[in-house]
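Here is how the chains run, residue by residue.
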Amino acid sequence: MSGGPRISFNAIDSALSSLKNCQSYINSGMDVATQVALDLVESFNDEEDINNMEKVMLEYAKMDRELNHYIKAFEETINQVKREKPENLPDLESLAQEKFLEMESKNSDSDLERNEKYIYFKDQLKEMKKQYHGNDTIEQIDEDIAVTRSQTNFICPITQMTMKRPVRNKVCGHIYEEDAILEMIQTQKLKKRKVRCPKMGCSHDDVKGSDLVPDEILKRVLDSQKKQSWATMDM
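Calculation rules
Residues numbered from 1 in each chain as written. Predicted model: local features only at pLDDT ≥ 70, side-chain atom pairs only at ≥ 80, totals over all residues. Heavy atoms only, no water. Helix = DSSP H or I, 4+ residues; strand = E, 2+ residues; numbered from the N terminus. Buried < 20%, exposed > 50% of the residue type's maximum accessible area, 1.4 Å probe, protein only. Contact = heavy atoms within 4.5 Å. Salt bridge = Lys/Arg side-chain N within 4 Å of Asp/Glu carboxyl O. Axes fitted to C-alpha atoms, helices over the stretch in contact; angles between N-to-C directions. Parallel < 35°, antiparallel > 145°, perpendicular 65-115°, else oblique. Left-handed = near helix turned anticlockwise from the far one by under 90°. Pairing = 2+ DSSP bridges. Expected span 1.5 Å × (residues − 1). Polar contact = N/O pair within 3.5 Å; in protein donor to acceptor, adjacent residues only side chain to side chain. Core = buried A, V, L, I, M, F, W, Y, C linked by side-chain atoms within 4.5 Å. pLDDT = per-residue confidence, 0-100.

### Overview of the overall build of the protein
And then number 1: A count of helical and extended segments in the protein gives eight helices and three strands.
And then number 2: Helices (α) and strands (β) of the protein occur, in sequence order from the N terminus, as α-α-α-α-α-α-β-β-α-β-α.
And then number 3: Burial statistics for the protein: of 235 residues in total, 31% are counted as buried.
And then number 4: When contacts within the protein are restricted to residue pairs at least 6 apart in sequence, long-range pairs at least 24 apart make up 66% of them.

### Section: the pattern of salt bridges
And then number 1: Here the structure, examined in full by the defined rule, presents 13 salt bridges.
And then number 2: The closest approach of N and O atoms between Glu47 and Lys129, which form a salt bridge, is 2.8 Å. Here the residue Glu47 occupies a position in helix α2 (residues 47-84), and Lys129 occupies one in helix α5 (residues 116-133), the gap between them amounting to 82 residues.
And then number 3: The class of Glu47 is partly exposed, set by a relative accessible area of 37%.
And then number 4: Among the residues examined, Lys129 registers a relative accessible area of 26% and is labelled partly exposed.
And then number 5: With a shortest N-O distance of 2.7 Å, Arg114 and Asp111 are connected by a salt bridge.
And then number 6: Through salt bridges with shared partners, one network takes in Arg65, Asp111 and Arg114.

### Brief notes about the packing of α2 against helix α3 (residues 92-104)
And then number 1: Axis separation between α2 and α3 bottoms out at 8 Å; the angle between their running directions is 135 degrees. Viewed along their axes, α2 and α3 adopt a mutual orientation that is oblique. For the pair α2 and α3, the sense of crossing is right-handed. Contact with α2, carried on its side by Arg65, Glu66, His69, Tyr70, Lys72, Ala73, Phe74, Glu76, Thr77, Gln80 and Val81, involves Leu92, Glu93, Leu95, Ala96, Lys99, Phe100, Met103 and Glu104 of α3 and no other residues of that element.

### Points about the sheet that holds strand β1 (residues 166-169)
And then number 1: Strand order across the open sheet formed by three strands is β2-β1-β3, with antiparallel pairing between neighbours. One side of each edge strand has no neighbouring strand; the edge strands of this open sheet are β2 (175-177) and β3 (212-214). With direction set aside, neighbouring strand axes in the sheet form an average angle of 40 degrees.
And then number 2: With three bridges joining them, β1 and β2 adopt antiparallel strand pairing. Paired with Val167 across the strands is Tyr176, a residue of β2.

### Section: α3
Each full turn of the α-helix corresponds to 3.6 residues, which orients residues three or four apart in the same direction.
And then number 1: Between its first and last C-alpha, α3 extends 18 Å over 13 residues, near the 18 Å set by a 1.5 Å rise per residue.
And then number 2: At the N-terminal boundary of α3, the capping side chain belongs to Asp91, with an oxygen 3.2 Å from the backbone nitrogen of Glu93.

### Observations concerning the nonpolar core
And then number 1: Ile12, Leu16, Met57, Phe121 and Leu125 are the most contacted members of the largest nonpolar core, which totals 26 residues.
And then number 2: For this core, the elements supplying multiple residues, two or more each, are α1 (10-42), α2, α3 and α5.
And then number 3: Aside from chain neighbours lying at most four places away, what touches Met57 is Met30, Ala33, Thr34, Lys117, Tyr118 and Phe121.
And then number 4: Cys156, Met163, Ile181 and Cys197 belong to the second largest nonpolar core, which has 16 residues in total.

### Describing the confidence of the model for the protein
And then number 1: In the predicted model, the protein carries a mean pLDDT of 83, and the fraction of residues at 70 or more is 83%.
And then number 2: In the model, residues 1-6 has pLDDT below 50 throughout and makes four contacts with residues more than four positions away in sequence or in other chains.
And then number 3: Residue range residues 136-151 is modelled with pLDDT below 50. Its contacts to residues more than four positions away, or to other chains, number 17 contacts.

### Here's the deal with the side chain of Gln188
And then number 1: Within the secondary structure layout, Gln188 lies in helix α7 (residues 178-190).
And then number 2: Once you skip the residues sitting within four places of it in the chain, Gln188 turns out to touch Arg193, Lys194 and Val195.

Structure, rendered in structure tokens:
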């Protein structure tokens, strides 16, 4: 027999898979915090309440960074052992902990502010404040929203229907119905082709699912418009 003893990494791989699942819970928490912050702005709550939600987002970003470092440390350790094939199995936990601490020692506050979910939070908050706090009275705000509606195209370039769950392309800035663009991406993927932005005149020719983010502001405008339509029908 050649080489050292065969090492089973099944248990470790299973643990890593569980850790990665934890990331989805962090992402969900950040999504909820974003929604709460937007609700606070819409309800004209104190700025302190909104700032508290930003602190919550930074705490989530911190947890996400720590979890990513922990996962990366263990993956690098496992790959190192698989590559070197030592005769005696080393202490994987100690090796991973060493790598983890090295990564953590390079942490900075700017890391948290570069978190994708945090950046999205700040962008959406900024747009919502423009929408609701850029005027002095409720009447002026309603007028501003009306102007915004007249300037915004609610029609999906794919379905040619009013959008229900709009998503924005981070690369070119165009907006589509979520289900429609994801279906287009999946269809073209099976054909091993890239997806060109369906917005007429756009030159972006490689739309990816990872580049799409929910457009919460537009969704709220659409929901508001729908409620007003229902109210008019009930009169």
